[in-house]
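Below are the chains, spelled out letter by letter.
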There are 2 protein chains.
Amino acid sequence: MMIQSTLNQQRLNKGSYTVLRALKEIGKLSSAQDIHLWFRLNETADAPALTTIYRALDSLLKMNLLQAVDIGDGERRYEIVEPGEHHHHLICTDCLESIHLEKCFLEAFASSVEQRHGFVVRSHVLEIFGICRKCSSKKPKAPSV
Amino acid sequence: MMIQSTLNQQRLNKGSYTVLRALKEIGKLSSAQDIHLWFRLNETADAPALTTIYRALDSLLKMNLLQAVDIGDGERRYEIVEPGEHHHHLICTDCLESIHLEKCFLEAFASSVEQRHGFVVRSHVLEIFGICRKCSSKKPKAPSV
DNA sequence: ATGAGAATGGAAACGGTTTCCATTATAATC
DNA sequence: GATTATAATGGAAACCGTTTCCATTCTCAT
């Protein structure tokens, strides 16, 4: 299992390991607060403190095991990715579920930007907001406020 | 002048008008705090309070005169756009200046997403981070931390 | 002039995140 | 196994951008 071997190789500390496992179980974009709540709801023992969760997310991010996603509501969310990979999402503004797009189609675009603007691309943010299939079938006539 | 006529048509209040004018003079992506600071540095009279600046930015945004940009540092920035239009940026992580891309090339992509995922696209976020021409010529060998 | 509704400013509250510091766990050395 | 140095942890406080609250001021139709 990938997580285990990473633990051995990079000596992931207990907090980081616990958070990574939680994130895997939760299985969707989660903020530090989400994870903290999840621990309080599901596990009695070994639940790391909020501070530790923040630290764990930071170091997991630095190890390229996570991707951070900012949907603009002031809460940073995280998600497990293949080490070094990243992808983008369709985020439903109704149910807040997210569909992740398999491939990042911007890589190709990056090189054209580099040439056209003399700009060295390091990273990018792309998130698409809207209403998912489930939600739009629930309420056929959503008021577009 | 566009701003003036909008003022007459939509009865922009004083705060909103003042903030819009400031934003135009500053001429780059600015947060509420940036604008507040700018007022304190440049103008003695008529400087709206921070609260008013927040309110003004909100209503200008609702009127589609501004675009909000979130570069993930917890501070929302705003920029004047042609009413209803939007665009994306190349943001230099070194000097924090931003180059705005003329056209949004994602509009076309949206319809393919809608068909493929049954997802109704309402909005999206796309920002590209890296090092601009100026900054990369300043330090030819930037350490890639 | 008068009175109702909107706009404004200042202070307090809010909430996610970071920092601080004392305590506890971990691992290497003797 | 005892002793230390170092890292990890938890809890509380600080931080900071933003929002809310409320009393005051402005605006404008009557």
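Given the structure is predicted, the values throughout are model-derived calculations rather than measurements.

### A few points about the packing of aromatic side chains
Residues and elements named next belong to chain A.
Part 1 of the argument: Summed over the entire model, instances satisfying the criterion amount to two aromatic pairs over all chains.
Part 2 of the argument: Ring plane angle 70 degrees and centroid distance 5.4 Å describe the contact between Trp 38 and Phe 39, whose orientation is recorded as edge-to-face. Both residues of the pair, Trp 38 and Phe 39, belong to the buried class.

### Describing the side chain of Ser 30 of chain A
All names here are of chain A.
Part 1 of the argument: Position of Ser 30 relative to the elements: it lies in strand S1 (residues 30–31).
Part 2 of the argument: At 2.6 Å, the side chain of Ser 30 and the backbone oxygen of Lys 28 are in polar contact.
Part 3 of the argument: When sequence neighbours within four positions are dropped, the list of residues in contact with Ser 30 reads Leu 23, Ile 35, Arg 76, Arg 77 and Tyr 78.

### A look at the protein's contact with DNA strand D
Part 1 of the argument: Taken together, 16 residues form the shell around DNA strand D, and within it Gly 15, Thr 52 and Arg 55 of chain A together with Tyr 54 and Arg 76 of chain B come nearest.
Part 2 of the argument: Expressed as a percentage, the sugar and phosphate content of the atoms of DNA strand D within 4 Å of the protein is 66%.
Part 3 of the argument: Those elements giving two or more residues to the surface near DNA strand D turn out to be helix H2 (14–26) and helix H4 (50–62) of chain A together with helix H4 (50–62) of chain B.
Part 4 of the argument: Each residue belonging to the surface near DNA strand D can be placed in one class, and the counts come to five nonpolar, seven polar and four charged.

### Some thoughts on the interface of chain B and chain A
Part 1 of the argument: Chain B puts 30 residues into the contact, and the matching count from chain A is 30 residues.
Part 2 of the argument: Here chain B packs against chain A, burying approximately 2,800 Å² in sum over the two surfaces, 67% of which is carbon and sulfur.
Part 3 of the argument: Inspection of the chain B/chain A interface yields zero salt bridges.
Part 4 of the argument: Summed over the shared surface of chain B and chain A, the result is 12 residue pairs in polar contact (both at pLDDT 80 or more).
Part 5 of the argument: Only strand S4 (88–92), strand S5 (98–101), helix H5 (107–117) and strand S6 (120–131) of chain B provide two or more residues apiece to the side of chain B that touches chain A.
Part 6 of the argument: Sort the elements by how many residues they give to the side of chain B that touches chain A and S6 of chain B lands first, with 12 residues.
Part 7 of the argument: Partitioning the side of chain B that touches chain A into residue classes produces 18 nonpolar, seven polar and five charged.
Part 8 of the argument: With 11 bridges joining them, strand S6 (residues 120–131) of chain A and S6 of chain B adopt antiparallel strand pairing. Opposite His 124 of chain A, over in S6 of chain B, you have Ile 128 of chain B as the bridge partner.

Analysis parameters
Residues numbered from 1 in each chain as written. Chains lettered and ligands numbered in written order. Predicted model: local features only at pLDDT ≥ 70, side-chain atom pairs only at ≥ 80, totals over all residues. Heavy atoms only, no water. Phe/Tyr/Trp six-rings, centres within 6.5 Å; stacked < 30°, edge-to-face > 60°. Buried < 20%, exposed > 50% of the residue type's maximum accessible area, 1.4 Å probe, protein only. Helix = DSSP H or I, 4+ residues; strand = E, 2+ residues; numbered from the N terminus. Polar contact = N/O pair within 3.5 Å; in protein donor to acceptor, adjacent residues only side chain to side chain. Contact = heavy atoms within 4.5 Å. Near = heavy atom within 4 Å. Nonpolar A, V, L, I, M, F, W, Y, C, P; charged D, E, K, R; others polar. Buried area = accessible area lost by both parts, 1.4 Å probe. Salt bridge = Lys/Arg side-chain N within 4 Å of Asp/Glu carboxyl O. Pairing = 2+ DSSP bridges.

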